[in-house]
Amino acid sequence: MTFGLLMRELSRLVTPETILFADVGNSSTWARAWLPALRPENLIEEGTWGEMGCAIPGAIAAKVVYPERPVIAIAGDGAFLMSGSALVTAPQHGVNALFIVLNDNAYGMINWLQTMQYDRIYATDLGGTNYAQWAESVGAIGMRLENPDDVPAMLRRALDAT
């Protein structure tokens, strides 16, 4: 499945009230390309310094401040591994945001850069973590997308749970 399909479907569900966080790397690249910034605070990215792992804690904080608004964090698996432990606090405090992990089993942007610059990849493999199980293990709802045809229904179910 391509991340573009997921982003296209997600863009159809974004409203002016939605607060989106896009983490560093491929996540922000896909978010910038597909997701509408309908208000100044609608799409929040990693910023000048490229803080890897900012989307998960940022989304938790935004949902605490704006509990009535839909909040969505988009992170690659590498970025999620940087701050995914913060996910433990969300169910403990009734924070129902949507956390999307773009899982390519690697530090994807670094993979691409290494390929382009050095024609080889070194130390970017992240293995096959099941992030849906991770979510469930901390008391959150976890969903794993296996079939691209399921994208619209799964996104709707996930947003309805927030």
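Description of the structure in this document. (Residues numbered from 1 in each chain as written. Predicted model: local features only at pLDDT ≥ 70, side-chain atom pairs only at ≥ 80, totals over all residues. Heavy atoms only, no water.)

This paragraph deals with the overall build of the protein. Within the protein, the regular secondary structure consists of eight helices and four strands. Since a compact globule built from 162 residues should have a radius of gyration of about 15 Å, the 15 Å found for the protein is in line with a globular shape. Here the analysis covers contacts within the protein between residues at least 6 apart in sequence; of these, 68% occur between residues at least 24 apart. For the protein, the exposed area adds up to about 8600 Å²; of that, 56% sits on carbon and sulfur atoms. Side chains of the protein carry 10 positive and 17 negative charges; the gap between the two charge centres is 5 Å. (Helix = DSSP H or I, 4+ residues; strand = E, 2+ residues; numbered from the N terminus. Rg over C-alpha atoms; globule rule 2.2 N^0.38 Å. Contact = heavy atoms within 4.5 Å. Areas by Shrake-Rupley, 256 points an atom, 1.4 Å probe, with all protein chains shown as cover. Lys, Arg positive; Asp, Glu negative; His and termini not counted. Charge placed at Lys NZ, Arg CZ, Asp CG, Glu CD.)

Let us look at the sheet that holds strand E2 (residues 43-44). Ordered in space as E2-E1-E3-E4, the four strands form an open sheet in which the pairing is parallel. Every other strand in the sheet has two partners, leaving E2 and strand E4 (98-102) as the edge strands with one partner each. The pairing of strand E3 (residues 71-76) with E4 spans five bridges and is classified as parallel. Of the residues in E4, the one forming a bridge with Ile72 is Leu98. On top of the sheet, helix H3 (residues 55-65) reaches strand E1 (19-22), E3 and E4; it is set at about 175° to E3, its chief contact. (Pairing = 2+ DSSP bridges. Axes fitted to C-alpha atoms, helices over the stretch in contact; angles between N-to-C directions.)

With that settled, consider the environment of Ala31. Within the secondary structure, Ala31 is located in helix H2 (residues 26-34). Take Ala31: its relative accessible area is 0%, and that puts it in the buried class. As for Ala31 and Gly128, which are separated by 97 residues in sequence, their C-alpha atoms are 23 Å apart. Residues in contact with Ala31, not counting those within four places in the same chain, are Met7, Ala22 and Leu43. (Buried < 20%, exposed > 50% of the residue type's maximum accessible area, 1.4 Å probe, protein only.)

Moving on, we get to the packing of aromatic side chains. Going through the model one piece at a time under the given rule, you end up with four aromatic pairs. Taken together, a centroid distance of 6.0 Å and an interplanar angle of 25° make the contact between Tyr131 and Trp134 stacked. Of this pair, Tyr131 and Trp134 are both found in helix H7 (residues 131-137), three residues apart, which corresponds to roughly one turn of the helix. For Trp134, a relative accessible area of 24% puts it in the partly exposed group. Every member of this aromatic cluster is reached through a ring pair, and the members are Phe80, Tyr131 and Trp134. Geometry around Tyr66 places Arg69 over its ring, the cationic atom sitting 5.1 Å from the centre. (Phe/Tyr/Trp six-rings, centres within 6.5 Å; stacked < 30°, edge-to-face > 60°. Lys NZ or Arg CZ within 6 Å of the ring centre and 35° of its normal.)

Looking now at the environment of Ala132. Counting through the fold element by element, Ala132 comes out in helix H7. C-alpha separation for the pair Ala132 and Gly142, spaced 10 residues apart in sequence, amounts to 3.9 Å.

Evaluated as defined, the whole model comprises nine salt bridges. In this structure, Glu17 engages Arg39 in a salt bridge whose closest nitrogen and oxygen atoms are separated by 2.7 Å. With Glu17 in the loop between helix H1 (3-11) and E1 and Arg39 in the loop between H2 and E2, this pair connects stretches of sequence that are 22 residues apart. Among the residues examined, Glu17 registers a relative accessible area of 39% and is labelled partly exposed. Between Arg144 and Glu146 there is a salt bridge; the shortest N-O distance is 2.9 Å. Residues joined by salt bridges that share partners form a network here, namely Glu17, Arg39, Glu41 and Arg69. (Salt bridge = Lys/Arg side-chain N within 4 Å of Asp/Glu carboxyl O.)

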